[in-house]
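# Structure assessment
Here is how the chains run, residue by residue.
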Amino acid sequence: MIHYRVSYENPLTFYLQIQLTLDVAADATAPLELQLPAWRPGRYELQNFAQKIQRVVIEDAATGQLLPYRKLTKDRWEVPNAAGRTVRVRYNFYAHQMDAGGSWLDETQLYLNPVQALMYAEGRQLEECELTLALPEGWQLACGLKQTAPNVLSAKDFDQLADSPLIASPTLTHQQYEAGGLPFHVWVQGEALVNWPKLLADFKAFSEEQLTMFGGFPVADYHFLNQFLPYKHYHGVEHHNSTVITLGPAELIMSEGLYKELLGVSCHELFHTWNIKSIRPAEMQPYDYSRENYFRTCFIAEGITTYYGEYLLARSHVRTPAQYFEELNTVLRKHYDDAGGENLSLADASMDLWLDGYKPGVPDRKVSVYHKGALAAMLLDLTIRQLSGHARSLDDVMRLLYEEFGKTGIGYTEADYVRIVNEVAGRDMHTYFDKFVYGTAPLQEPLDRVLHTVGCQLLVGENASASEGHFGFRTVVKNERTEVTAIWPHSPAATALTVDDEIVAVNGRRVDMNLQSLLSTGEAAYEVSVFRQNRLLTVTLDATPGVSFGQRYAIDRLETADAAQQRGFQQWLGWEF
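Since this is a predicted model, take the numbers as computed values, not measurements.

### A closer look at the overall build of the protein chain
Each helix and strand counted, the protein chain has 15 helices and 28 strands in total. Its C-alpha atoms give the protein chain a radius of gyration of 27 Å, near enough to 25 Å, the size a compact globule of 577 residues would have. Seen along its three principal axes, the alpha-carbon backbone of the protein chain occupies a region of about 85 × 65 × 50 Å. Within the span of the protein chain, comprising 577 residues, buried residues form 55% of the whole. Look at the contacts in the protein chain between residues 6 or more apart in sequence, and 67% of them connect residues 24 or more apart.

Structure follows, in structure tokens:
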């Protein structure tokens, strides 16, 4: 067994003291190599957690003798003379990142994502691990791992340990509900007035909907670890049998706006227990924490989960169809916020998560596997429903993935997913994949077509902003400066303006929170004065009648629907039309 110990001396410094102790076989010929993870599952980019490590000391645990070591990479250490010794590794870890993938230490709590802070011995990731926490008396501990003694946690291997976040504090609150005969724990750290009867009823409803859909659960229990913060925040991360959700401000947690976010992210992260934690891509069997784990199927892992995260709230009657459409319309807005969909496929965007998938990046370069992935999943679901008269759906695809790969621990490939989709659809679906997964074909027309089969439609609205709708550029006001932040390709703005231009005047009139009115006078051309790289220029914006940019899309019910469409609506959402 490999032993870890986490303690702290002064929470005001945010430094945890980490200790790793392991026996090295006497006949070991290779040096002991210690690796700190460079990334964490759930966020597919290198995060270089070694930046948070201070003062590594390696010694013989029996004698206290210091052992020489050297760094092989930015996050790997080599200990050459470890054979036959019990090696103890000590270092400090800076726990000052309050989000769902981070770690945090202060006087009130210890919150730890082990994947950030714990080294592992290369080649020994499958050995059982034990984690001891040095906590003040009276503190509670929330974690998905088994407690074998007070403040002692046991994991079958490093992967389970790394994937089991914990919160310890004297102020944790806990409630529990049962779904499918299994216990679900809801932990809250933070000052929030929670309406527990409502929350537990809603959580039970969407949990049972998911359990019914898959016909089983990959784990024996589940833990929602909630950090309700005193400031605005939103983040969630999935784990083996738990999730961490950081949300705020805490005092508004039961308000309509923030509570819907809590429901959405909680349903989303629970769905991940099947879709990525259990149904895992072949490229991640097992995880390699030392480098990128490239995979082209994140549109399945995140796109399908994003679709179901909101859809199942409606299907379980936690949210109404109108509330569901509001969330769908947010996804549509984010997807159509730029022209990136014309330039990168979903499959390639999955690979590029490791490149720049979590930041805006250069203009119009990419698509989101979350947003386009969710729309592509809805298109597939409704297409399968149409082809089968609602006898089959994307539910069947996910169930088969779970049966064939989730329950067996075998990683699935792109080809496996295509095969199962074809099987469920009852026909070759290569056109769908070629256009919407491996290609960049527009989604609007096919989405509208399948939405009609369930009594709904895709609505198109003009952009109300004159600068964006008519001329194709978006601005933001920073310190009373109006700056160009985005330009639509092939728009009038594309031939006159550039990102970062500061617009100071239109037709000789100073721009001061009045840009839209100055560009709405109906003239054929406008003289726009800008500072570009601190030089004053005047450019001409020519209006293009009948052409608009940044159109807004929304999904809603048809005003009138025939019997088949109304029946389709009920079969899809579980609500009467």
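### A word on the sheet that holds strand β8 (residues 104–106)
What the four strands build is an open sheet, ordered β8-β9-β15-β12; its pairing is antiparallel. Each having just a single partner strand, β8 and β12 (140–143) make up the two edges of the open sheet. Across the sheet, the mean angle from the axis of one strand to that of its neighbour is 10°, orientation sign disregarded. Here β12 pairs with strand β15 (residues 166–169) via four bridges, running antiparallel. Across the sheet, Ala 142 pairs through a bridge with Ile 167, a residue of β15.

### Things to note about the sheet that holds strand β17 (residues 182–189)
In spatial order, the strands read β16-β17-β18-β20-β19; together these five strands make up an open sheet with mixed pairing. Every other strand in the sheet has two partners, leaving β16 (173–179) and β19 (233–238) as the edge strands with one partner each. Between one strand and the next, the sheet's axes are offset by a mean angle of 15°, whatever the strand orientation. Relative to strand β20 (residues 242–248), β19 is paired through six bridges, and the arrangement is antiparallel. The residue bridging Glu 238 from the neighbouring strand is Thr 243, located in β20. Contacts from helix α3 (residues 196–214) reach β16, β17 and β18 (222–228), with the element oriented near 40° to β16. In the packing of helix α4 (residues 256–271) onto the sheet, the strands contacted are β17, β18, β19 and β20, and the crossing angle to β20 comes to about 160°.

### Points about the layout of surface pockets
Considering only enclosed or pocket space, the second largest pocket measures out at about 690 Å³ in volume. As for the second largest pocket, its lining consists of 25 residues, and the residues nearest its centre are Lys 156, Asp 157, Asp 159, Arg 280 and Gln 285. Residue composition of the lining of the second largest pocket, grouped by class: eight nonpolar, nine polar and eight charged.

### Considerations on the environment of Asn 343
With respect to the element layout, Asn 343 can be found in the loop between α6 (321–335) and α7 (346–356). The class of Asn 343 is partly exposed, set by a relative accessible area of 47%. Each C-alpha atom of the pair Asn 343 and Ile 253 lies 39 Å from the other, and the pair is 90 residues apart in sequence. Leave out the neighbours within four places in its chain, and Asn 343 touches Asp 364, Arg 365 and Thr 440.

### Looking at the packing of aromatic side chains
On inspection of all chains with the given rule, the structure shows 42 aromatic pairs. Measuring from centroid to centroid gives 6.1 Å for Phe 184 and Tyr 222, while their planes differ by 45°, and the two rings are tilted. One end of the pair, Phe 184, is in strand β17; the other, Tyr 222, is in strand β18, with 38 residues separating them in the sequence. By the burial criterion, Phe 184 is buried, and Tyr 222 matches it. Above the face of the Tyr 287 ring, Arg 280 is positioned so that its terminal group lies 4.0 Å from the ring centre. Above the ring of Phe 577, the side-chain terminus of Arg 557 is found at 5.8 Å from the ring centroid.

### Some thoughts on empty space enclosed by the protein
Counted under the stated rule, the structure contains three cavities of 30 Å³ or more. In this structure, the largest cavity occupies an estimated 50 Å³ of space. As for the largest cavity, its lining consists of Thr 306, Tyr 307, Glu 310, Tyr 324, Glu 327, Leu 328, Val 331 and Ala 374. Of all elements in the fold, only α5 (298–315) and α6 reach the threshold of two or more residues within the lining of the largest cavity. Here the lining of the largest cavity gets four residues from one element, more than from any other, and that element is α6. For the lining of the largest cavity, the per-class residue count stands at five nonpolar, one polar and two charged.

### Observations concerning the side chain of Thr 305
Topologically, Thr 305 is positioned in helix α5. With relative accessibility at 0%, the residue Thr 305 sits in the buried group. Polar contacts involving the side chain of Thr 305 include one to the side chain of Asn 275, which spans 2.9 Å. Dropping the residues within four chain positions of it, Thr 305 is found in contact with His 268, Phe 271, His 272, Asn 275 and Ile 300.

### A word on the side chain of His 185
Within the element layout of this structure, His 185 appears in strand β17. The class of His 185 is buried, set by a relative accessible area of 13%. Apart from the residues within four sequence positions on either side, His 185 is in contact with His 174, Gln 175, Gln 176, Asp 221, Tyr 222, His 223 and Phe 224.

### Remarks on the pairing of strand β1 (residues 2–7)
Here five bridges tie β1 to strand β11 (residues 129–133), and the two strands are oriented parallel to one another. Opposite Ile 2, over in β11, you have Cys 129 as the bridge partner. Of the strand pairs in this sheet, β1 and strand β2 (residues 15–23) are connected by five bridges, and their pairing is antiparallel. Within the sheet, the bridge partner assigned to Val 6 lies in β2 and is Ile 18.

So, how was this worked out
Residues numbered from 1 in each chain as written. Predicted model: local features only at pLDDT ≥ 70, side-chain atom pairs only at ≥ 80, totals over all residues. Heavy atoms only, no water. Helix = DSSP H or I, 4+ residues; strand = E, 2+ residues; numbered from the N terminus. Rg over C-alpha atoms; globule rule 2.2 N^0.38 Å. Buried < 20%, exposed > 50% of the residue type's maximum accessible area, 1.4 Å probe, protein only. Contact = heavy atoms within 4.5 Å. Pairing = 2+ DSSP bridges. Axes fitted to C-alpha atoms, helices over the stretch in contact; angles between N-to-C directions. 1 Å grid on protein atoms, 1.4 Å probe; cavity = no way out; pocket = protein on both sides within 12 Å on 5 of 7 lines; lining within 4 Å. Points joined across faces, edges and corners; volume = space filled by probe spheres on them. Nonpolar A, V, L, I, M, F, W, Y, C, P; charged D, E, K, R; others polar. Phe/Tyr/Trp six-rings, centres within 6.5 Å; stacked < 30°, edge-to-face > 60°. Lys NZ or Arg CZ within 6 Å of the ring centre and 35° of its normal. Polar contact = N/O pair within 3.5 Å; in protein donor to acceptor, adjacent residues only side chain to side chain.

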